[in-house]
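# A structural walkthrough
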Amino acid sequence: MKSSRSNFTSRIGFILSAAGSAVGLGNIWRFPYLAAQYGGGTFLLCYIILAVTFGFALMTAEIALGRKTGLSAIGAFSALNKRYRFVGVLVTLVPVIIFPYYSVIGGWVIKYFFTFLTGGVSAAAEDTYFTGFISGVSEPIVWFVIFTAIAAAVVICGVEKGIEKVSKVMMPLLVVLTVGISLYVLTIDGAMEGVKYYVLPHMSDFSIKTLLSSMGQLFYSMSLAMGIMITYGSYMSKSTNLESSVRQIEIFDTGIAFFAGLMIVPAVFAFSGGDPSALKAGPGLMFITLPKVFASIRFGGFLGTVFFVLVFFAAITSAISLMETIVSILMDFFHWSRRKTSILVFIYSLLMGVPSSLGFGIWDFVKPLGMSILDAWDFISNSILMPIVALLTCFFAGFVIKPKAIIEEACAEGADFKGKHLFTVVIKWVAPVILIAILISSILNALGIFVM
């Protein structure tokens, strides 16, 4: 089954590619603003504990399912139990929904990179710059098309010549840039107070909202419940140690998220003098608040340019994995060529992404679920489908094929699986409770009953 299937050529190739998938806008954009909003060090501590338990178990299960079957999501679930083929279908819906609107945001990132590169730091810092840009018609769509085309070009090249080669270059550069900017930010006057807020837990800041937001962040940060890790697992060699690979992906992913917070939270803290409203700027932190920070500090134009290069690397590697997941599923199902499938997915993404872009401008009167078009897709995929998919995956691994099947795959070719007892307990009992809590809180939040 796997003989004719593409494979990563090395263990480091797999780890960097999987880490590239996991490290995306969720790490660089969402993690810092959630950490700032929900208690800094308290949020950070909750997230790390969940990452090494809940995140470890779910990622292990997904990669093992892919490697065991040599197939992407639909084929993997169907091969192990035909009655659960529907889980694979639900898994497939997640990247199909996310990739188009994610690429719209990726286009925004490229726009800001070119703005800073061409000396537009002062313009980007203006209050109306971001809303003026995204409410336009042609310009946001042009940047969206460029971003999507870059992802498609890499996916057309395949696993070894495309995804693996790009990841081997971009991921080390991303690490260097993240750490470098973080160290520079620490030299800004007033930044150390922000560091204390970010890294020191205070139990007085702990709340159920802190816990739920850190749970939800795992999906964004670790590419869980999207079919990505199942797909990448299907390209993984049996000789590659599964457990240590998962741990290294976790370290890579959490490390980037940590340094992204260290880069952004102290900078905003110093800029605002610790103003709570600036720290809780939410999604606008990267495109509205940070340009103001860059405009106010020495070498801000250069720093902003480097920052948006970093964000682009993170965004494009995740976009590539989302597109690859869709392409892999279609190739398995219809037996189409990679080139044909990639072009069809590219066209589909353009058709689906344009409404999300126009939803902030001429189509802003369209309010599915009372939200903008992009926000509605984001809510459906991230707040509804992903918790359901993850819950069904836990049930499938814990009670249908049983943890023994995953443990056996993790122990292939004599490999040791030291975390097998932790995996069994979490996948059967702990993760389902967490996922049910995430799903309920997401729905209540959308209804305005329990506001996060």
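This structure is a prediction, so every number in the text was calculated from the model and none was measured.

### Re the overall build of the chain
Per the secondary structure count, the chain includes 20 helices and 0 strands. A globule of 452 residues ought to have a C-alpha radius of gyration of about 22 Å, and the chain, at 21 Å, matches this closely. Each of the 452 residues in the chain was classed as buried or not, and the buried ones make up 58%. Of all intrachain contacts in the chain linking residues separated by at least 6 positions in sequence, the fraction that spans at least 24 positions is 83%. Both charge centroids of the chain, one from 29 positive and one from 22 negative side chains, sit 10 Å from each other.

### Topic: the packing of aromatic side chains
Evaluation of the coordinates by the stated rule reveals 36 aromatic pairs. Note on F31 and Y47: the rings are 5.1 Å apart at their centroids and 80° apart in plane angle, and the pair reads as edge-to-face. Of the two residues, F31 sits in helix 2 (residues 25-37) while Y47 sits in helix 3 (residues 41-69), which places them 16 residues apart along the sequence. Residue class for Y47 comes out buried when judged on its relative accessible area of 0%. Taking 5.6 Å as the distance between ring centres and 50° as the angle between the ring planes, the aromatic pair formed by F294 and F307 counts as tilted. With F294 in helix 15 (residues 289-296) and F307 in helix 16 (residues 300-334), this pair connects stretches of sequence that are 13 residues apart. For F294, a relative accessible area of 6% gives the class buried. Overall, F307 belongs to the buried group, its relative accessible area being 1%. An aromatic cluster is defined as three or more aromatic residues linked by ring pairs; in this entry it consists of W29, W108, Y112, F116, Y129, F130, F287, F294, F307, F308 and F360.

### Some details on a nonpolar patch on the surface
Side chains of V137, I362, W363, F365 and V366 sit close together on the surface and give an oily, nonpolar patch of about 460 Å² of accessible area. Considering the arrangement of structural elements, one finds V137 in the loop between helix 7 (129-134) and helix 8 (138-156).

### What to know about the packing of helix 10 (residues 191-199) against helix 13 (residues 242-272)
In a pair of packed helices, the angle between the axes and the distance between the axes together describe the arrangement. Packing of helix 10 against helix 13 leaves a shortest axis separation of 7 Å and a crossing angle of 135°. By the angle class used here, helix 10 and helix 13 are oblique. Helix 13 is crossed by helix 10, and the crossing has right-handed handedness. Residues A191, E193, G194, V195, Y197, Y198 and V199 of helix 10 touch helix 13, and the partners they reach there are A257, F258, G261, L262, V265, P266, F269 and A270. Class assignment for the residues of the contact of helix 10 with helix 13 results in 12 nonpolar, 2 polar and 1 charged.

### Looking at the environment of Q217
Mapped onto the fold, Q217 is located in helix 11 (residues 208-222). Put simply, Q217 and F31 are 186 residues apart on the chain and 6.9 Å apart in space, counted from C-alpha to C-alpha. Excluding anything up to four places from it in sequence, Q217 contacts G26, N27, R30, F31, L34, F43 and Y47. Here the side chain of Q217 touches R30 through a polar contact of 2.8 Å, side chain to side chain.

About the cut-offs
- Residues numbered from 1 in each chain as written.
- Predicted model: local features only at pLDDT ≥ 70, side-chain atom pairs only at ≥ 80, totals over all residues.
- Heavy atoms only, no water.
- Helix = DSSP H or I, 4+ residues; strand = E, 2+ residues; numbered from the N terminus.
- Rg over C-alpha atoms; globule rule 2.2 N^0.38 Å.
- Buried < 20%, exposed > 50% of the residue type's maximum accessible area, 1.4 Å probe, protein only.
- Contact = heavy atoms within 4.5 Å.
- Lys, Arg positive; Asp, Glu negative; His and termini not counted.
- Charge placed at Lys NZ, Arg CZ, Asp CG, Glu CD.
- Phe/Tyr/Trp six-rings, centres within 6.5 Å; stacked < 30°, edge-to-face > 60°.
- Patch = residues over 30% accessible without salt bridge, like charges linked within 9 Å, V, L, I, M, F, W, Y side chains within 5 Å.
- Areas by Shrake-Rupley, 256 points an atom, 1.4 Å probe, with all protein chains shown as cover.
- Salt bridge = Lys/Arg side-chain N within 4 Å of Asp/Glu carboxyl O.
- Axes fitted to C-alpha atoms, helices over the stretch in contact; angles between N-to-C directions.
- Parallel < 35°, antiparallel > 145°, perpendicular 65-115°, else oblique.
- Left-handed = near helix turned anticlockwise from the far one by under 90°.
- Nonpolar A, V, L, I, M, F, W, Y, C, P; charged D, E, K, R; others polar.
- Polar contact = N/O pair within 3.5 Å; in protein donor to acceptor, adjacent residues only side chain to side chain.

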